[in-house]
Amino acid sequence: GIQVEQSPPDLILQEGANSTLRCNFSDSVNNLQWFHQNPWGQLINLFYIPSGTKQNGRLSATTVATERYSLLYISSSQTTDSGVYFCAARGNKLVFGAGTILRVKS
Amino acid sequence: DTAVSQTPKYLVTQMGNDKSIKCEQNLGHDTMYWYKQDSKKFLKIMFSYNNKELIINETVPNRFSPKSPDKAHLNLHINSLELGDSAVYFCASSQDWATGNIQYFGAGTRLSVL
């Protein structure tokens, strides 16, 4: 099955800094999603992005399907961005990466 | 109006007991899922139902039995609970089984087996 790897595993940022999270996947996919799990445990879908680039406020994501990776950009980070960011890719089922734990300090 | 709702939010029980977690979605979706998140935050699919039919059944002990009375509900029953079952269980739904669909998650049920 598909393998999904995320990097870095941990990231500490000062408020206002920018960051890039990476997701590599082992096989062709037609469904790639980014999720944010907030400190209260809620999983929120950020992007559905099997290819191309999308932007939503301070967040944007790019997937290069032919090279089997996706990037999540966070600009001007805020403390509310803290949590775990998951990438998930689908072959016959959605497979999650191990996540990137982001801590934004004020 | 919560799109995907799970009850209870917290469940503390003794080893050997049987418990159920309920899930309901009001999005009109055809497909529902159960995921398990372990203590290291790793998320893995357990089951998926499409229009009340089981389509994914991962390597999960037989003690776990999903039931879908209709396509808006997918409940999870766990028999003879073990310490290793302690985790957060998430229910999710998507429009249908087609590959291009976003999954929407419930708030999770934190199960603690003592």
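Residues numbered from 1 in each chain as written. Chains lettered and ligands numbered in written order. Predicted model: local features only at pLDDT ≥ 70, side-chain atom pairs only at ≥ 80, totals over all residues. Heavy atoms only, no water.

### Some words on the sheet that holds strand E7 (residues 59-64) of chain A
Residues and elements named next belong to chain A. As a reminder of what qualifies: Criterion used throughout: strands pair if DSSP finds at least two bridges between them. The way it works is that DSSP assigns letters per residue, a run of H or I at least four long becomes a helix, a run of E at least two long becomes a strand, and they are numbered from the N terminus. To obtain each axis, a line is fitted to C-alpha atoms, and for helices this fit is confined to the stretch in contact; angles are then taken between N-to-C directions over 0 to 180 degrees.
Taken in spatial order, the five strands of this open sheet run E1-E3-E8-E7-E6, and their pairing is antiparallel. Both outer strands of the open sheet, strand E1 (4-7) and strand E6 (52-56), are each paired with one neighbouring strand and no more. Taken over all neighbouring pairs, the strand axes of this sheet differ in orientation by 15° on average, direction set aside. The sheet contact formed by E6 and E7 spans five bridges and is antiparallel. If you follow Gln 55 over to E7, its bridge partner there is Ser 60.

### Quick word on the nonpolar core
Keep this limit in mind: The set of buried Ala, Val, Leu, Ile, Met, Phe, Trp, Tyr and Cys residues whose side-chain atoms join them within 4.5 Å is what this entry labels a nonpolar core. The rule is simple: take the accessible area with a 1.4 Å probe, protein chains only, and divide by the maximum for that residue type; under 20% is buried, over 50% is exposed, in between is partly exposed. Note on definitions: a residue-residue contact is assigned when non-hydrogen atoms from the two residues lie within 4.5 Å.
The biggest cluster of nonpolar side chains holds 23 residues, and the ones touching the most others in it are Leu 32, Trp 34 and Leu 72 of chain A. Contributing elements (two or more residues each) for this core: strand E2 (10-14), strand E3 (19-25), strand E4 (32-37), strand E5 (43-48), E7, strand E8 (69-74), strand E9 (83-90) and strand E11 (100-105) of chain A. When residues no more than four places from it in sequence are discounted, the contact partners of Leu 32 of chain A are Cys 23, Phe 25, Phe 47, Tyr 48, Ile 49, Pro 50, Thr 63, Ser 70, Cys 87, Ala 88 and Ala 89 of chain A. With 20 residues, the next largest nonpolar core counts Cys 23, Trp 34, Tyr 49 and Val 60 of chain B among its residues.

### What to know about the interface of chain B and chain A
What counts, and what does not: Summed over both partners, buried area is the accessible surface (1.4 Å probe) that two parts give up on being assembled. Counted as salt bridges are all cases of a side-chain nitrogen of Lys or Arg within 4 Å of a carboxyl oxygen of Asp or Glu. N or O atoms within 3.5 Å of each other form a polar contact, as long as, within protein, one can give a hydrogen and the other can take it, and as long as residues adjacent in sequence are counted only when both atoms are side-chain atoms. In this classification, Asp, Glu, Lys and Arg are treated as charged, Ala, Val, Leu, Ile, Met, Phe, Trp, Tyr, Cys and Pro as nonpolar, and every other residue, Gly included, as polar.
In this assembly, 20 residues from chain B lie in contact with 19 residues from chain A. With both sides pooled, the region where chain B packs onto chain A buries about 1,700 Å², and carbon together with sulfur makes up 55% of that total. Counting across the interface, chain B meets chain A through one salt bridge. There are six residue pairs in polar contact (both at pLDDT 80 or more) connecting chain B and chain A. Breaking the side of chain B that touches chain A down by element, the ones donating at least two residues are strand E4 (31-37) and strand E5 (43-50) of chain B. When residues in the side of chain B that touches chain A are grouped by element, the largest group, three residues, is from E4 of chain B. Here the residues of the side of chain B that touches chain A are counted per class, giving 12 nonpolar, six polar and two charged.

That is the geometry; function is a separate question.
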